[in-house]
Amino acid sequence: MISLRAYDAIVIGGGPAGLPAAIELASCGAKVAMIDREDRLGGQLTKQTHMFFGSQSQRAGTRGVDIAGILAKEALEKGVEVYLGATVLGYYDDRVIAVEKDERFIKMKATAYVVATGASEKMLAFPNNDLPGVYGAGAIQTLMNVHGVMPGKRALMVGAGNIGLIISYQLVQAGVEVAAIVEAAPRIGGYWVHASKVRRLGIPVLTSHTVTQVHGTDAVERVTVARVDDSWSPVPGTERDFDVDVVGLAVGLSPLTELLWQAGCAMRFVPALGGHVPVRNENLETSVDGLFVAGDVAGVEEASSAMLEGRLAGLAAALKLGRGSVTGVMKAMEEARLELESLRAGPVGDKIRKGLEALAREAMAS
Amino acid sequence: MIENTGVATKEDLAQVEPSLERREKGPVAVFECFQEIPCNPCYTSCRVGAVEEFKDINDLPHVDHDRCTGCGVCISHCPGLAIFVVDQSHQDYAVVRVPYEFLPVPSEGQEVDALDREGNVVCRARVRKVQNAKSQDKTLVVWLEVPHEAAMTARNFRVVKDR
Ligand SMILES: Cc1cc2nc3c(=O)[nH]c(=O)nc-3n(C[C@H](O)[C@H](O)[C@H](O)COP(=O)(O)OP(=O)(O)OC[C@H]3O[C@@H](n4cnc5c(N)ncnc54)[C@H](O)[C@@H]3O)c2cc1C
Ligand code: SF4
Ligand code: SF4
């Protein structure tokens, strides 16, 4: 017989969004469980050996992996019950979730949920993209920064967003040569300071370029790149080859929303937020009563904003549960909302702001 | 342009470089940060108030070069690794301090290749000092002695095997 474990709140995903949510809930006196399919807490942060941007209150200037450690320790100290190596497989009508851990099923139930499952990497279609040596950026980071394994000797990176730029830098730190970074857009999408960092290492950034093909028998041996025109089609005659054994793809992320679909949350397609995202109110509560979202699953953004969203969602869930002092919780929520707003206020927050506006419009229209 | 290349142009740099007169007086910070991003550790790490207060976290940093003592504390706090300290008060060489997060770590007195903003070799440099305090959290600061002509172009270096 499978017994049912009951909590006030369950946080699904222990990354930068889930951790603060669980910490806030536990601080308010709620009985909280946090579930993550990985063997350690921290989500994407555990792979990030570089210093973070943002303001000091979001621990800017601290390395991602260290932030993960600090938050995980706090969650445990506050009494959050943590399930690691545990995957949430399904969400059912009666607010019950099915969790797989150590090849066994656990049924759990909670009054409030915070879904903070993050995002998954997008692939890119080109001939031979299934050859060993073609990696997603996240896999390269996991190999190098978590397991200390070099993915190869010489790499070509696809995508000049922050992720592509940072991973190129980390490849060089690990002793891998980076032949070039190619980017289909005419402009560098990541922060210019990150781009300048890799340029100082002598790595060219080829904007308006894409990968057309990878060559090799058993593994990647060579890659062809070409310039693209305004409609992103490769221009014949501009092809050139690089001898590399690694091709890294950093071409975007899409929110991991399966559980939200299962729960019946109203969803909208907003490209600026990474794909399908849940409709939610200003407290990050979805159309399903008591189900909150935070972080990349709600729209692909940054760890700094994920942490603030996590706090906000955790506080709002506590309020819903009637835990904590109402005035204290409301004040903390207001602070988190203001900090989020100021983070998104600049030109690089433009895309997110537009995305959130589009989501609000879409939600109103139906 | 920097948004296409990742390399600051002469015009970009003209906005942020301290005057030669200031550089000849002693060490001073050069902030090569040209995009409004949500980031402010340069401001919070400067203890003498040489970085203008951020009204909005997305503001560009502004350094008062006269107030800046060239202490270099901000170098290892900047997640963009966009801050350098230049000192042209010496007769025979300029000193450029750069952030460094690679192996091998050079030893003091060692000769290395100084690199420009595109990773091209500019000149040979002598490593004057290597700072690696705990507070720097693994972002080393390496002091390079370079000819005065290279003071505003040398922004990185490479350890080369002894020839
Ligand atoms: C190379 C790189 C560099 C970055 N640099 C920065 C930076 O400098 N500054 C910044 O602010 N941001 C940065 N980011 C972005 C940042 O990492 C993400 O925005 C952030 O991690 C999102 O947090 P999250 O908690 O929403 O998701 P994640 O960190 O992805 O965490 C989600 C967690 O949920 C778990 N999970 C998912 N589904 C399930 C399930 N069904 N059951 C159980 N567990 C599940 C996952 O295992 C994971 O641990 C960077 C990202 C990358 C890849
Ligand atoms: S070098 Fe020192 S004084 Fe100058 S801006 Fe940086 S921290 Fe401030
Ligand atoms: S800390 Fe560095 S990257 Fe951040 S605003 Fe200051 S100079 Fe720019």
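These figures come from a predicted structure and were not determined experimentally. (Residues numbered from 1 in each chain as written. Chains lettered and ligands numbered in written order. Predicted model: local features only at pLDDT ≥ 70, side-chain atom pairs only at ≥ 80, totals over all residues. Heavy atoms only, no water.)

Participant: What should I look at first to understand the site of ligand 1 in this one?
Facilitator: All names here are of chain A. Near ligand 1 there are 30 residues, and of these A17, D36, Q44, D296 and A303 occur at the shortest range. Contacts to ligand 1 include A17, whose backbone N or O atom sits 2.9 Å from an oxygen atom. The contact in question runs from an oxygen atom of ligand 1 to an N or O atom on the side chain of Q48, over 3.0 Å. Mapped by element, the contributors of at least two residues to the shell around ligand 1 are β2 (32-36), β4 (86-92), α4 (162-173) and α7 (303-321). (Near = heavy atom within 4 Å. Polar contact = N/O pair within 3.5 Å; in protein donor to acceptor, adjacent residues only side chain to side chain. Helix = DSSP H or I, 4+ residues; strand = E, 2+ residues; numbered from the N terminus.)

Participant: Is there a simple way to think about α7 of chain A in this case?
Facilitator: Each α-helix winds once per 3.6 residues, and so residues spaced three or four apart point in a common direction. All names here are of chain A. Between its terminal C-alpha atoms α7 stretches 26 Å, which fits the 27 Å expected from 19 residues at 1.5 Å a residue. Among the 19 residues of α7, 16 are classified as buried, and the element is accordingly described as predominantly covered. Backbone geometry just downstream of α7 places G322 in the positive-phi region, at approximately 75°. (Expected span 1.5 Å × (residues − 1). Buried < 20%, exposed > 50% of the residue type's maximum accessible area, 1.4 Å probe, protein only.)

Participant: Which parts of the structure should I look at to understand the pairing of strand β5 (residues 96-101) of chain A?
Facilitator: In regular strands, side chains alternate between the two faces of the sheet. All names here are of chain A. Bridge count for β4 against β5 is 6 bridges, and the pairing is antiparallel. Residue Y91 lies in a different strand from β5, and its bridge partner there is I97. Pairing between β5 and strand β6 (residues 104-115): 6 bridges, direction antiparallel. Its bridge partner lying in β6, A98 is registered against K107. Adjacent in sequence and paired antiparallel, β5 and β6 are bridged by 2 residues, among which D102 carries a positive phi angle near 50°. (Pairing = 2+ DSSP bridges.)

Participant: I tried to follow empty space enclosed by the protein on my own but got confused; where do I start?
Facilitator: Space left empty within the atom packing is revealed by a probe, the size of a water molecule, rolled over the atoms. Residue and element names in this part refer to chain B. Scanning all chains against the criterion turns up 7 cavities of 30 Å³ or more. Of the pockets and cavities examined, the largest cavity occupies roughly 140 Å³. Lining the largest cavity are 16 residues, with C33, C39, C42, P61 and C78 sitting closest to its centre. A per-class count over the lining of the largest cavity returns 14 nonpolar, 1 polar and 1 charged. (1 Å grid on protein atoms, 1.4 Å probe; cavity = no way out; pocket = protein on both sides within 12 Å on 5 of 7 lines; lining within 4 Å. Points joined across faces, edges and corners; volume = space filled by probe spheres on them. Nonpolar A, V, L, I, M, F, W, Y, C, P; charged D, E, K, R; others polar.)

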